[in-house]
Amino acid sequence: MRWPLRLVFALTCALAVATAMTGRAFAHAALIAASPADGAVVTNAPAVLTLSFSEPVSPLVLKLIGPDSASRTLDRFVLKDRTLMIEAPADLSTGTHVLSWRVISEDGHPVGGAVVFSIGAPSGQSPTPETRTDPAVRATLWLGKLGLYLGLLMGLGGAAYAAWIGPLPRNARRPVASFILLGSAALPLALAAQGLDVLDRSLGSLGEADVWSAAAASSFGRTALTAAVAFLLGLASLAARGRMGQVFGGAALLSVGVALAASGHASAASPQWLMRTAVFVHAVSVSAWAGALLPLFFALREPDAVAVLRQFSRWIPVVVGLTLLSGGILAAVQLEQPGALISTGYGWVLLIKLAWVAILLGLAAVNRYRLTPLVLSRTGIAAKTMRRVIAAETLLVFLVLGTVATWRFTPPPRALVNAATPPASVHIHTAKAMADIRVSPGRAGPTSVSISLLDGEFGPLTVKEVRCVMSNPSAGVEPIERQAVRSSDGTWHVDSLVIPIGGRWTIELEILVSDFEMIRLGETVEIKP
């Protein structure tokens, strides 16, 4: 076995190990608090059960399993910011109960768990929630993602070839169309697998309507819809000629960026404007680069090969530069610290991807700086050698996309850190107003602030504006002021607030009740380093 095959084998084994490290940690929101707490023994039956998460979530399945192992679905709840308040049944008996929950996080990935609490005294034998892992669903998720990526990047990137390089070679039209059709076929497969994973169902539930509804309602539903439009644009670009073909191809390429920026753990990270922009740029530039390989392979057989190669060589450094720049931003935000490269499954998958990319860049450099001048000067068999290198680059793209598809099962380190750090919270109660303030996560770095307001008598407080001011005079940090935004559930939010250092911070609220009345509340909160 020659060394390239040994390298492929070693990296594939490492990828399998990295995926196995993730266990069932499919999703990226985490439970950070519950009431009653896990393992608690309470005197009286609670009227309300609360679950607080590290990220915004939407409930999927809520069940309460009693001491007699009877299961009841809980369908009366209120979601406020990251906290789910569930109305408990009125006839709860003494003994041990299990609150089994399954929610979907902001990035479109589901997560489930259970909270065990007892009323009066623990039962002799605790009820056990039913758990199920279907490896077939996991394999279907990976295959669906891989097929979708190949269609978006190789297919639509190939269709966009005419928009920035030149006319699509006649022999390249069929393979490009095949990749687009592959992506179109993989799209419903990926959507169905998303629904099965969301509801924790087996492949036998594939035809059930609620599976498809759950998938469409998730953030991946937006990706699927945009991808479907992109595939139609790609097919239209192949059917059209001349200028219209270029327009359809360019629109399809931009739609790739929109589709992939609509969901996923990278797009859900803060700051949203930076991360979604980085995902968009990364997806478009990778698609333009990878999608051009097959057309270029066939173009080197055409009479106008020199003109096509000259155009490709002029723009490919810009495309590769955008790919590396946007990829670096995404990796830095997701990892947060270099040690996560070897301490997490996500980091190992990234290392394996970077290994493939390093080889790919090496081959691209050979083509660009060694073989391109020879082809342009029509020297010997340089074009034939370049076609062989392009074939190797295409294989590496397949390996990169197969590796990236496994990220569906690996929560990024920044999500793990956020989940491990509970929010910092403070309650302020005055005669005129009350405020519950939650800073998530409760550590230095990018945070979000949620504010719930009531009047002094625990009634609703109607206000026009809320401004949040945080300062740390002892550390020499001047006030950081942000305008809060009111959400549909009545809470106020400040997103993308960066707290530079840990320590005891002063938090003040300027609450504009009317044009003539302003309420000011203040307290201190401890922020971890």
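Residues numbered from 1 in each chain as written. Predicted model: local features only at pLDDT ≥ 70, side-chain atom pairs only at ≥ 80, totals over all residues. Heavy atoms only, no water.

**A look at the pairing of strand β8 (residues 95-105)**
Extensive coverage of β8 is indicated by the burial of 11 of its 11 residues. Pairing of strand β4 (residues 57-65) with β8 involves 8 bridges; the strand directions are antiparallel. When the bridges of β8 are listed, Ser-58 appears paired with Ile-104. Hairpin geometry of β8 and strand β9 (residues 110-119) is characterised by an intervening segment of 4 residues between the two adjacent antiparallel strands and by a positive phi of about 90° at Gly-108. (Buried < 20%, exposed > 50% of the residue type's maximum accessible area, 1.4 Å probe, protein only. Helix = DSSP H or I, 4+ residues; strand = E, 2+ residues; numbered from the N terminus. Pairing = 2+ DSSP bridges.)

**Considerations on the pattern of salt bridges**
A side chain with one charge may pair with a side chain of the opposite charge, provided their charged atoms come close. Going through the model one piece at a time under the given rule, you end up with 10 salt bridges. We note a salt bridge from Arg-408 to Asp-197, for which the minimum N-O separation is 2.7 Å. Of the two residues, Arg-408 sits in the loop between α13 (382-405) and α14 (413-420) while Asp-197 sits in helix α4 (residues 173-199), which places them 211 residues apart along the sequence. Here the two residues Arg-408 and Asp-197 agree in accessibility, since each one is buried. A single network of salt bridges, built from pairs that share partners, joins Arg-102, Asp-197 and Arg-408. (Salt bridge = Lys/Arg side-chain N within 4 Å of Asp/Glu carboxyl O.)

**Description of the packing of helix α2 (residues 135-159) against helix α8 (residues 272-291)**
Running from N to C, α2 and α8 cross one another at 70°; their axes reach a closest spacing of 7 Å. Relative to α8, the element α2 is oriented roughly perpendicular. Viewed along their axes, α2 and α8 form a crossing whose handedness is right-handed. Together, Leu-152, Leu-153, Met-154, Leu-156, Gly-157 and Gly-158 of α2 and Ala-283, Val-286, Ser-287, Ala-290 and Gly-291 of α8 make up the contact between the two elements. (Axes fitted to C-alpha atoms, helices over the stretch in contact; angles between N-to-C directions. Parallel < 35°, antiparallel > 145°, perpendicular 65-115°, else oblique. Left-handed = near helix turned anticlockwise from the far one by under 90°. Contact = heavy atoms within 4.5 Å.)

**A short note on the layout of surface pockets**
Its volume calculated, the largest pocket comes out at about 1,000 Å³. Forming the walls of the largest pocket are 43 residues, and the residues nearest its centre are His-282, Leu-330, Lys-353, Val-404 and Trp-407. Only α2, α6 (219-239), α7 (242-261), α8, α10 (305-335), α12 (345-376) and α13 provide two or more residues apiece to the lining of the largest pocket. Here the element with the most residues in the lining of the largest pocket is α10; it accounts for 7 residues. Composition of the lining of the largest pocket by domain shows at least three residues from each of domain 1 (31-119) and domain 2 (135-415). (1 Å grid on protein atoms, 1.4 Å probe; cavity = no way out; pocket = protein on both sides within 12 Å on 5 of 7 lines; lining within 4 Å. Points joined across faces, edges and corners; volume = space filled by probe spheres on them. Domains from an automatic or database assignment.)

**Brief notes about the packing of α2 against α4**
Where α2 contacts α4, the axes come no closer than 7 Å and their chain directions differ by 150°. Helix-helix and strand crossings are classified by hand; for α2 and α4 the assignment is left-handed. Looking at the contact of α2 with α4, its residues break down into 17 nonpolar, 8 polar and 2 charged. (Nonpolar A, V, L, I, M, F, W, Y, C, P; charged D, E, K, R; others polar.)

**A look at α10**
Here α10 is 31 residues long and its end C-alpha atoms lie 42 Å apart, about the 45 Å a rise of 1.5 Å per residue gives. Phi turns positive one or two residues past the end of α10, at Glu-336, with a value near 70°. (Expected span 1.5 Å × (residues − 1).)

**Some words on unusual backbone geometry**
Residue Pro-36 is reached from Ser-35 by a cis peptide bond, and omega for that bond is -5°. Within the secondary structure, Pro-36 is located in the loop between β1 (31-35) and β2 (41-42). Residue Pro-441 is bonded to the preceding Ser-440 through a cis peptide linkage, with omega at -15°. In this fold, Pro-441 is placed in the loop between β11 (433-440) and β12 (445-455). With phi around 70°, Glu-336 is a residue other than glycine that occupies positive phi space. You can see Glu-336 is positioned in the loop between α10 and α11 (340-343).

**Some remarks on the domain arrangement of the chain**
We note that the domain assignment places domain 1 (31-119), domain 2 (135-415) and domain 3 (422-527) within the chain. Measuring from the centre of the C-alpha atoms in domain 1 to the corresponding centre in domain 3 gives 27 Å. Between domain 1 and domain 3, the contact holds 7 residues from the first and 7 residues from the second. For the domain 1 and domain 3 pair, buried surface summed over both sides reaches about 580 Å², with 50% attributable to carbon and sulfur atoms. (Buried area = accessible area lost by both parts, 1.4 Å probe.)

**Focus on the packing of aromatic side chains**
With the rule as written, the count across this model stands at 5 aromatic pairs. Plain terms: the ring middles of Phe-53 and Trp-101 are 5.1 Å apart, the flat faces sit at 75° to each other, and that makes the pair edge-to-face. Separated by 48 residues along the polypeptide, Phe-53 in strand β3 (residues 48-53) and Trp-101 in strand β8 bring together distant segments of the chain. By the burial criterion, Phe-53 is buried, and Trp-101 matches it. Taken together, a centroid distance of 5.3 Å and an interplanar angle of 85° make the contact between Phe-297 and Phe-298 edge-to-face. Positioned over the ring face of Phe-409 is Arg-138, at 4.8 Å from the centre of the ring. Lying across the ring of Phe-297, Arg-387 places its NZ or CZ 4.0 Å from the centre. (Phe/Tyr/Trp six-rings, centres within 6.5 Å; stacked < 30°, edge-to-face > 60°. Lys NZ or Arg CZ within 6 Å of the ring centre and 35° of its normal.)

**A look at the environment of Gly-95**
Looking at the element boundaries, Gly-95 is found in strand β8. Classification of Gly-95 as buried rests on a relative accessible area of 5%. Through-space distance from the C-alpha of Gly-95 to that of Glu-481 is 49 Å; in sequence the pair is 386 residues apart. Discounting residues that sit within four places of it in the chain, Gly-95 has contacts with Pro-67, Phe-117, Ser-118, Ile-119, Ala-121 and Ser-123.

**Observations regarding the sheet that holds β4**
Pairing in this open sheet of 5 strands is mixed, and the strands run β2-β9-β8-β4-β5 from one edge to the other. Unpaired on one side and paired on the other, β2 and β5 (71-73) mark the two borders of the sheet. Strand direction decides the pairing type here: β4 and β5, joined by 3 bridges, are antiparallel. Paired with Ile-65 across the bridge in β5 is Ser-71. On top of the sheet, α4 reaches β4, β8 and β9; it is set at about 155° to β8, its chief contact.

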